Amino acid sequence: MPLLDRNGARADGWTRSEGAAIDNIPAAIVPWEFLAEALDRQVPGQSIGVLIPNNLPTAELAPFLPRLALVAIAFPAYSDGRGFSQARQIRRVGFAGELRASGPLIADQFAYALSCGFDTVELPEASAARQPVEQWLRARASFSRTYQRGYGTPERNILDRRRAARTDAAATSAATP
Amino acid sequence: MYRYDEFDEHFVRERVAQFADQVSRRLDGSLTEDEFKPLRLKNGVYLQLHAYMLRIAVPYGTLNSRQLRRLALIGEKYDRGYGHFTTRQNLQFNWPKLRDIPEILGLLADVEMHCIQTSGNCIRNVTADHFAGVAQDEIEDPRPTAELIRQWSSAHPEFSYLPRKFKIAVTGAEADRAVIKAHDIGLRLRRHPDTHETCYEVSVGGGLGRTPMIGKVVRDYLPKKDLLAYLEAIMRVYNLEGRRDNKYKARVKILVHEIGAEEFARRVEAEFAQLDGPSINADPEEVARIAAYFAPPAYETLPAVSNTLEAAKASNPAFARWVEVNTAPHKVPGYTALTISLKPIGQAPGDASSEQMRVVADLAQRYSFDELRVTHAQNLVLPHVRQRDLFAIWQKLGEAGLAEANIGLVTDIIACPGLDYCALATARSIPIAQAIQQRFANEARQREIGPLGIKISGCINACGHHHVGHIGILGLEKRGIESYQITLGGDATENAAIGEILGPGLAAEDVPDAIERIVAVYLAERAEGESFIDNVRRIGLAPFKAAFQETTRAAA
Amino acid sequence: MAAAAKRVPLPAILLANDLLDGDVVFATAGAAGTLVWTRDPAQALVANDDAAADGLEAFAAAGLRGNTVVDAYLVDVAIEGGHPVPRHFRERFKTLGPSNRPDLGKQAGEGIASAPKG
């Protein structure tokens, strides 16, 4: 399935496994229900990722995170936004691996997905065929600055920019008696 | 009132460009109608029965004259010369063309307005007390809070694909004029009894629609500085756990109901405890920056009672009645908060022509520090009027057909557009409102009846707030014809209550008779000075049900 | 694929909203057996049998696919004064306009004088 990151189309180094049999796969994504078994079989040098359903409480995933290089969150429909909150919670507990949104997202959600902590979006063929990469990149840049603090960099945050402007103004007025 | 800074301005301009791009991707097939629909809804564009509809945000119901004139212009140039003010303090145009909407959005952006999140499964336009800043019973002005939430909720990366729509209302007064208990989140500014600091009482899980619920308090005293982090915690719990299997069970009220308010509050507090408040909340300087825009205007020092007003009242009884019914006490001596009725007898409730909008804009500029408000009851307010100017205003309003003296009375009916416009409606609302108004048109009789709120919805979604009407009317379809269900005892105030159904549905032509019989019971049974709703509470539904059954029998 | 939704009783007409304008439009006979959209409900082509209804549904699907109309569906009608009139009050309003504003919409002739749109 086509894969995108913030810069556009990207090759996928990961292989999906239907079950826990991942013996010859260097980087395998396994379904949540086979994760424990797959980790038992993990060999040195092998990377393991997991595909979780979007109704999984992230507390149940947390104990596994230190051993995972990728977490893919299933989006059964673009209109189902649970994955955005799961992503936030997974990042909050310190997961630094790849976070992937997997499902029929639309280009207009790209910026939101990146802001919530996703690195990549994995699309079904039909969605990707209708929405070329340029649309995703254009949609990503729809808003140059946004209002919510803690989603993305302070540079792109309006409240943080206002604060910086206040600090600058205070420094200027202090410097000119 | 709030004014955009360069960041707000840029944000809204980018939103306009984004929507124009979304429309072109719809037209070239990149987006299917199913994908485009939520995108257009998040920008207030519906497809209704006869045409598209554009819902323009009036954040917490506050407008200046320039903005209202711009709405008048858009109504004339792109619509049919009128607009409709809604129960969420917004304005709707009924006939715009999709091809014109990007241009309309540009015209709105010129006057610091937008259509952001006036529909869709996201955090909707935040509403507030229409007497904010002027009410005598106010503890603190709710508008700075509402503006902070407006900004925080705009294009929220995490909460734009919620299970269902999400409505927030704020009040800072003792009397609830913002129906906060019928909102997904209701915020009430109040003083902490020990520290005397202003805090928020946070209610969650109110809402009307198919399963009406009154909101439950989940936090008695939330420190003001924690607001955004606490809202984030509520929204995250809802986004993760709200039901998505059934549209009618997807509002947060159902989650709160199913797991209980205590368990919901526990989950919110657990999430809140995980959050780093200082990295999420607006800093105190930002809160102060916003609040400064809502500083009181430069009021004159005036005597508490205007002799000019008293003399005009004495010589003109019609004017005196209008003043008595349509004005509310103001915190500053010599001033009054004037409500302009958009319910002239026989007109569609909440509709205003472009000419009328211009008249009101002129009056706001000349007599009300350039400010006006939209109420959830679909009327307009001039919040800062000198008492001595009332007569001149009344004359101008009279020329424009806007001097109806009926605020809070039986003809001040809330009604959704219903099946005359709305694709979701199951029956018409406007003709029912018109028929009741005609029946009770006599002014003396209206005043004799006193405060009585009738609210009409044309479908179960309850945009007309029928559940919280003293008398509620719900239009449904029954065997191929329009049928109207009557409820009694609802209350939209701080004593919020859901009305109870009186009996079987009625045909449209029998509704005014039914209302007449209900009112007759009240007039016969009321104690000295007892209002309609107090009377219903005291004597119970039984006498009203008995009278209602006579209507059904007479109709059979 | 889900089973096709049950078709409304015949006779029926096809109505939709124009994607760009939002106006209610009706399928009507064009040149040489083709179908085109018109804003005039009186000109709506009445399907009296399944073959004609199939033709209207195929035209609806083409209109949706071609991004010219939205919300296209068949509506059962009675023939009154030689013109099709929807049996359900909701669709009757779509052929007329808001009942409280007889000065607006199709009942006031809006868009109807113009030539059928192809």
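Numbering of residues starts from 1 in each chain and follows the order in which that chain's sequence is written. Chain letters start at A and ligand numbers start at 1, both assigned in the order the entries are written. For a predicted model such as this one, the threshold for reporting local features is a pLDDT of at least 70, and the threshold for listing and counting side-chain atom pairs is 80 or more; totals across whole chains, interfaces and linings nevertheless cover every residue.

1. Structural notes on the overall build of chain C
No. 1: Across its full length, chain C holds 2 helices and 5 strands.
No. 2: As defined in this context, the radius of gyration uses C-alpha atoms, and a globule is described by 2.2 Å times the residue total to the power 0.38. Against the globule reference of 13 Å for 118 residues, chain C gives a C-alpha radius of gyration of 14 Å, in line with a compact fold.
No. 3: With the C-alpha coordinates of chain C rotated into their principal frame, the extents come out at 45 × 30 × 25 Å.
No. 4: Between the buried cut of 20 or more and the exposed cut of 12 or fewer other C-beta atoms within 10 Å of a residue's own C-beta lies the partly exposed class, and all C-beta atoms are placed from the backbone. For chain C, buried positions account for 39% of its 118 residues.
No. 5: Our contact criterion uses C-beta atoms placed from the backbone: two residues qualify when those atoms are within 7 Å. Excluding contacts between residues fewer than 6 apart, the proportion of contacts in chain C whose partners are at least 24 apart in sequence is 52%. Here a strand is any run of E in DSSP of at least two residues, a helix any run of H or I of at least four, and the numbering for each starts at the N terminus.

2. With respect to the overall build of chain A
No. 1: For chain A, the helix and strand inventory stands at 7 helices and 8 strands.
No. 2: Summarising its shape, the C-alpha atoms of chain A cover approximately 70 × 40 × 30 Å along the three principal directions.
No. 3: Looking at chain A as a whole, 40% of its 177 residues are labelled buried.
No. 4: Considering only residue pairs separated by 6 or more positions, chain A has 46% of its internal contacts joining residues 24 or more positions apart.

3. Concerning the sheet that holds strand β3 (residues 35-38) of chain C
Residue and element names in this part refer to chain C.
No. 1: The 5 strands lie next to each other as β3-β2-β1-β4-β5, forming an open sheet whose pairing is antiparallel. Two strands bound the open sheet, and with one partner strand each, they are β3 and β5 (83-86). The sheet shows a mean angle of 45° between the axes of neighbouring strands, direction not considered.
No. 2: The pairing of strand β2 (residues 24-29) with β3 spans 4 bridges and is classified as antiparallel. From the neighbouring strand, Thr 28 faces β3, where its bridge partner is Val 36.
No. 3: Sitting on the sheet, helix α2 (residues 89-96) is in contact with β1 (12-18), β2, β4 (69-80) and β5, with an inclination near 130° to β5. Here, strands pair whenever DSSP counts at least two bridges between them. To define axes, lines are fitted to C-alpha atoms, for helices over the stretch in contact only, and angles between the resulting N-to-C directions are given on a 0 to 180 degree scale.

4. Considering the packing of helix α1 (residues 6-27) of chain B against helix α4 (residues 101-110) of chain B
Residues and elements named next belong to chain B.
No. 1: At a closest axis distance of 9 Å, the pairing of α1 and α4 adopts a crossing angle of 175°. Taken together, the axis directions place α1 and α4 in an arrangement best described as roughly antiparallel. Between α1 and α4, the residues in contact are Val 12, Arg 13, Val 16, Phe 19, Ala 20 and Val 23 and Pro 102, Leu 105, Gly 106 and Ala 109, respectively.
No. 2: Following the grouping adopted for this structure description, the nonpolar residues are Ala, Val, Leu, Ile, Met, Phe, Trp, Tyr, Cys and Pro, the charged ones are Asp, Glu, Lys and Arg, and the polar ones are all others, Gly among them. Tallied by class, the residues present in the contact of α1 with α4 amount to 8 nonpolar, 1 polar and 1 charged. Note that the term roughly parallel is reserved for angles under 35 degrees, roughly antiparallel for angles over 145, roughly perpendicular for angles of 65 to 115, and oblique for everything else.

5. Description of the interface of chain B and chain C
No. 1: Facing 22 residues of chain B, the contacting portion of chain C comprises 21 residues.
No. 2: With 3 residues, helix α15 (residues 430-439) of chain B is the largest single contributor of residues to the side of chain B that touches chain C.
No. 3: Its residues placed into classes, the side of chain B that touches chain C shows 11 nonpolar, 4 polar and 7 charged.

6. Section: the interface of chain B and chain A
No. 1: At the interface, 34 residues of chain B touch 34 residues of chain A.
No. 2: Elements represented by at least two residues in the side of chain B that touches chain A include exactly α1, α2 (33-41), α5 (143-153), α6 (227-241), α9 (277-280) and α10 (284-292) of chain B.
No. 3: When residues of the side of chain B that touches chain A are assigned to their parent elements, the largest contribution, 8 residues, is made by α1 of chain B.
No. 4: The residue inventory of the side of chain B that touches chain A, partitioned by class, reads 13 nonpolar, 11 polar and 10 charged.

7. Notes on the arrangement of the chains
No. 1: Taking contact number as the criterion, the leading pair out of 2 pairs of chains in contact is chains A and B.
No. 2: These two, chain A and chain C, are apart from each other, with no contact and a minimum C-alpha gap of 13 Å.

8. Here we look at the pairing of strand β6 (residues 70-74) of chain A
Residues and elements named next belong to chain A.
No. 1: The element β6 is largely enclosed, with a buried count of 5 among its 5 residues.
No. 2: Burial of β6 is two-sided: the residues Leu 70, Ala 72 and Ala 74 facing one way and the residues Val 71 and Ile 73 facing the other way are all buried.
No. 3: Where strand β5 (residues 47-52) and β6 come together, 4 bridges link them in parallel fashion. If you follow Ile 52 over to β6, its bridge partner there is Ile 73.
No. 4: One ladder, built from 5 bridges, connects β6 with strand β7 (residues 98-102); its direction is parallel. Note that in β7 the partner of Ala 72 across the bridge is Arg 100.
No. 5: Throughout, right-handed denotes a crossover for which the path from the first strand over the helix to the second runs clockwise when the strands point away from the viewer. Considered for its hand, the β-α-β crossover made up of β6, helix α3 (residues 82-92) and β7 is right-handed.

9. Examining the nonpolar core
Within soluble globular proteins, side chains that are nonpolar generally end up buried alongside one another.
No. 1: Grouped together as the largest cluster of nonpolar side chains are 238 residues, with contacts concentrated most on Ile 234, Val 360 and Ile 518 of chain B together with Leu 14 of chain C.
No. 2: Of all the elements, α6 of chain B adds the most residues to this core, at 11 residues.
No. 3: The contact partners of Ile 234 of chain B, leaving out residues within four places of it in the chain, are Ile 185, Val 204 and Val 268 of chain B. Here, a nonpolar core denotes buried Ala, Val, Leu, Ile, Met, Phe, Trp, Tyr and Cys residues that are linked to one another through C-beta atoms within 7 Å.

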